[in-house]
Amino acid sequence: MAKIISFECSRCSEKFAPQLAPTICPKDGGPLYVRYDLSEIRRNTPRDSILGGPKSMWRYAAVLPDAEPVTLGEGFTPMLPSRKYGNLLIKDEGLNPTGSFKARGMSAAITMARHYGLKKLAAPSAGNAGGALAAYAAAAGLEAYVFMPKDVPIANRLEVEASGAHLTLVDGLISDCGRMVAERKEKEGWFDVSTLKEPFRVEGKKTMGYEVAEQMGWSLPDAILYPTGGGVGLIGMWKAFDEMEDLGWIDHGKRPKMICVQSDGCAPIPKALHEGNAASEMWPDAHTLAAGLRVPKAYGDFIILDIVRKSQGTAIAVSDDEIMDGVKELASVEGIFACPEGGAALAAYQQLLNMGFLTESDRVVLFNTGSGYKYLDIFAKYWGVTAFDGELKLPASRNMGGIIGPY
Ligand SMILES: Cc1ncc(COP(=O)(O)O)c(C=O)c1O
Ligand SMILES: [Zn+2]
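Computed from a predicted model, the values in this text were never measured in an experiment. (Residues numbered from 1 in each chain as written. Chains lettered and ligands numbered in written order. Predicted model: local features only at pLDDT ≥ 70, side-chain atom pairs only at ≥ 80, totals over all residues. Heavy atoms only, no water.)

Student: So, the nonpolar core: which residues are in play, and what are the values?
Tutor: A general tendency of soluble globular proteins is for nonpolar side chains to be buried together. Ile 110, Leu 121, Leu 133 and Met 244 are the most contacted members of the largest nonpolar core, which has 89 residues in total. A total of nine residues in this core trace back to one element, the largest contributor, which is helix α7 (residues 232–247). With residues near it in sequence (within four places) discarded, Leu 121 still touches Ile 110, Ala 113, Leu 133, Leu 142, Glu 143, Ala 144, Tyr 145, Phe 191 and Val 193. Grouped together as the second largest cluster of nonpolar side chains are 33 residues, Ile 90, Ala 290, Met 324 and Leu 358 included. (Core = buried A, V, L, I, M, F, W, Y, C linked by side-chain atoms within 4.5 Å. Buried < 20%, exposed > 50% of the residue type's maximum accessible area, 1.4 Å probe, protein only. Helix = DSSP H or I, 4+ residues; strand = E, 2+ residues; numbered from the N terminus. Contact = heavy atoms within 4.5 Å.)

So this is what it looks like as structure tokens:
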């Protein structure tokens, strides 16, 4: 595993000595990147040495911080060739523990939180990050405080409660949840594991970049379609490409176009990109049934926009109806029961083909970031299905707090 040599600010590039429980740059609030001695890793860790590692994201331990992992088997998800489009690959993150790619970031963040001796962790969440935080905190024996909008998919509420985390449902958006965590964390003694407020969720999510390269025979695609909320995966993958070039694991120079996919009910990144701005503005009245995309202003918006521009990618918004058509097509053509965010990525792919931004000969990786099984209530409502209309008979003793007596 890798020794951390510094934390580098993504805004002012100042480097800080390794410290316990790092947060953000004290000067300008910029998210911090974890830096390792890549030339030493290059000397001592040939690329193929990872091949015998676990079939999880921890196979990339050589480029992850040196600590005992808190793992539920996250990562190393399938990369499935599309059955319809000859050069489209679908990275199915729905197979992760807790049913979404948020498992990767939380596995790394909770690993480091335990390593630093932290006890109480808090985060705002659009849904899946809260579920992942609750599960990994339970596995690590730590306390978790999760703040979510009250209209998140029911699976997210249930998984947090079942994991024994403290759940606060908020009449507002993830930005309101984030404000609540910020206001209370000092008094309550919580460590804030919000998106980009600590550097290790990016480390977990960067493993998607390593996996794409490994699963494509250590090459990179022409484009990556990424459903973007806070943008951690996009930022993490770009970091992975930087690192792999420095490690000599991939060739220098040829990078995928990074394509940020949002919903037209909440599209701050496409708007900022097309208006030529370096950062986004708070999107008013954000709404979409792709809950993970309902982030009205990402903390790392300036990093996302910089990567999209540097990679000659783009940002595109699709409608909720197009998202749900995408979900149906992924299920009926590919056999993948995807989350709405994955449906959004497919809708974006089709639009970018129509616009000529992509062609069918481009090698494209599409991220399905979660499982459709986490959105049954959302799908049922949209498709007009009554979720359950029978009578459910349960023994009186059953409750969420524990099992009392035999059934
Ligand atoms: C299924 C799903 N896809 C995409 C996203 C957006 O992820 P990120 O915040 O890394 O951009 C989320 C975030 O909650 C999500 O749950
Ligand atoms: Zn800084």
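Past the structure itself, the notes keep going.
Student: Explain the site of ligand 1 to me, using residue names and the numbers behind them.
Tutor: Around ligand 1 lies a shell of 18 residues, among which Tyr 226, Gly 229, Gly 230, Gly 231 and Thr 369 are the nearest. At 2.9 Å, a side-chain N or O of Lys 205 approaches an oxygen atom of ligand 1. One nitrogen or oxygen atom from the main chain of Val 232 is found 3.2 Å from an oxygen atom belonging to ligand 1. Alone, ligand 1 offers 390 Å² of accessible surface; in the complex the protein occludes 97% of this. (Near = heavy atom within 4 Å. Polar contact = N/O pair within 3.5 Å; in protein donor to acceptor, adjacent residues only side chain to side chain. Areas by Shrake-Rupley, 256 points an atom, 1.4 Å probe, with all protein chains shown as cover.)

Student: For the coordination of the zinc ion (ligand 2), give the residues involved together with the corresponding values.
Tutor: Around a metal, the ideal angle is 109.5 degrees if four donors adopt a tetrahedral arrangement and 90 or 180 degrees if six donors adopt an octahedral arrangement. Surrounding the zinc ion (ligand 2) are the protein donor atoms Cys 9 (SG), Cys 12 (SG), Cys 25 (SG), Asp 28 (OD) and Asp 28 (OD), which sit 2.3 to 2.5 Å from the metal. For the zinc ion (ligand 2), all donor residues lie on one chain, and their spacing in sequence is C-x2-C-x12-C-x2-D. Within this pair, whereas Cys 12 is found in the loop between β1 (4–9) and β2 (15–16), its partner Cys 25 is found in the loop between β2 and β3 (32–36), the two being separated by 13 residues in sequence. Under the relative-accessibility criterion, Cys 25 is labelled buried at 2%. (Donors = N, O, S within 2.8 Å, 3.2 Å for Na, K, Ca; no water.)

Student: An account of the sheet that holds strand β8 (residues 166–170) is requested, with residue identities and associated values reported.
Tutor: Backbone hydrogen bonds are what pair the strands of a sheet, in a parallel or an antiparallel way. Spatial ordering of the open sheet is given by β8-β7-β6-β9, a layout of four strands whose pairing is parallel. Each having just a single partner strand, β8 and β9 (191–192) make up the two edges of the open sheet. Helix α4 (residues 154–162) rests against β7 (143–149) and β8 of the sheet, and its axis sits at about 155° to β8. (Pairing = 2+ DSSP bridges. Axes fitted to C-alpha atoms, helices over the stretch in contact; angles between N-to-C directions.)

Student: Describe in detail the pairing of strand β6 (residues 120–124), supporting the description with residues and values.
Tutor: Of all five residues in β6, four are buried, a share of seventy percent or more. Bridge count between β6 and β7: five bridges; the pairing is parallel. Looking at β7, one finds that Lys 120 is bridged to Glu 143. Handedness of the β-α-β unit built from β6, helix α3 (residues 128–140) and β7 comes out right-handed. Looking at chain direction, β6 and β9 are connected through two bridges and run parallel. (Right-handed = clockwise from strand over helix to strand, strands pointing away.)

Student: How would you sum up the packing of aromatic side chains? Please name residues and give values.
Tutor: For the structure shown, the criterion picks out 15 aromatic pairs. Ring geometry for Tyr 60 against Tyr 210: centres 5.4 Å apart, planes inclined by 35°, an arrangement best described as tilted. With a gap of 150 residues between them, Tyr 60 in the loop between α1 (38–44) and β4 (79–81) and Tyr 210 in helix α6 (residues 200–215) connect regions that are remote in the sequence. Each of the two residues, Tyr 60 as well as Tyr 210, counts as buried. Cluster of aromatic residues (ring-pair linked, three or more members): Phe 337, Tyr 373, Tyr 375, Phe 379 and Trp 383. We note Arg 59 situated over the ring of Phe 76; from NZ or CZ to the ring centre the distance is 4.1 Å. (Phe/Tyr/Trp six-rings, centres within 6.5 Å; stacked < 30°, edge-to-face > 60°. Lys NZ or Arg CZ within 6 Å of the ring centre and 35° of its normal.)

Student: An account of empty space enclosed by the protein is needed here, citing residue identities and associated values.
Tutor: Counted by the stated rule, this structure contains two cavities of 30 Å³ or more. Space inside the largest cavity adds up to approximately 50 Å³. Taken together, Ala 21, Pro 22, Ala 109, Met 112, Ala 113, Tyr 116, Phe 191, Val 193, Glu 198 and Phe 200 make up the lining of the largest cavity. When residues of the lining of the largest cavity are assigned to their parent elements, the largest contribution, three residues, is made by helix α2 (residues 102–115). Of the residues in the lining of the largest cavity, the class split is nine nonpolar, no polar and one charged. Of the pockets and cavities examined, the second largest cavity occupies roughly 40 Å³. (1 Å grid on protein atoms, 1.4 Å probe; cavity = no way out; pocket = protein on both sides within 12 Å on 5 of 7 lines; lining within 4 Å. Points joined across faces, edges and corners; volume = space filled by probe spheres on them. Nonpolar A, V, L, I, M, F, W, Y, C, P; charged D, E, K, R; others polar.)

Student: Run through the sheet that holds β1, naming residues and quoting values.
Tutor: Taken together, the three strands give an open sheet; going across it, the order is β2-β1-β3, and neighbouring strands pair in antiparallel fashion. The outermost strands of the open sheet, each flanked by one partner alone, are β2 and β3. Where β1 and β2 come together, two bridges link them in antiparallel fashion. Note on β2: the bridge partner recorded for Phe 7 is Phe 16. Where α6 meets the sheet, its contacts fall on β1 and β3, and the angle it forms with β3 comes to roughly 65°.

Student: Break down the packing of α6 against α7 for me, with residues and values.
Tutor: Close contact between α6 and α7 brings their axes to 7 Å; oriented N to C, the two are set at 60°. Put simply, α6 runs oblique to α7. Here α6 and α7 pass one another in a crossing that is right-handed. When α6 is examined against α7, the residues Arg 201, Val 202, Glu 203, Lys 205, Lys 206, Met 208, Gly 209, Tyr 210 and Ala 213 are found in contact with a partner set consisting of Val 232, Gly 233, Ile 235, Gly 236, Met 237, Lys 239, Ala 240, Phe 241, Glu 243, Met 244 and Leu 247. Residue composition of the contact of α6 with α7, by class: 11 nonpolar, three polar and six charged. (Parallel < 35°, antiparallel > 145°, perpendicular 65-115°, else oblique. Left-handed = near helix turned anticlockwise from the far one by under 90°.)

These figures capture arrangement, not role.
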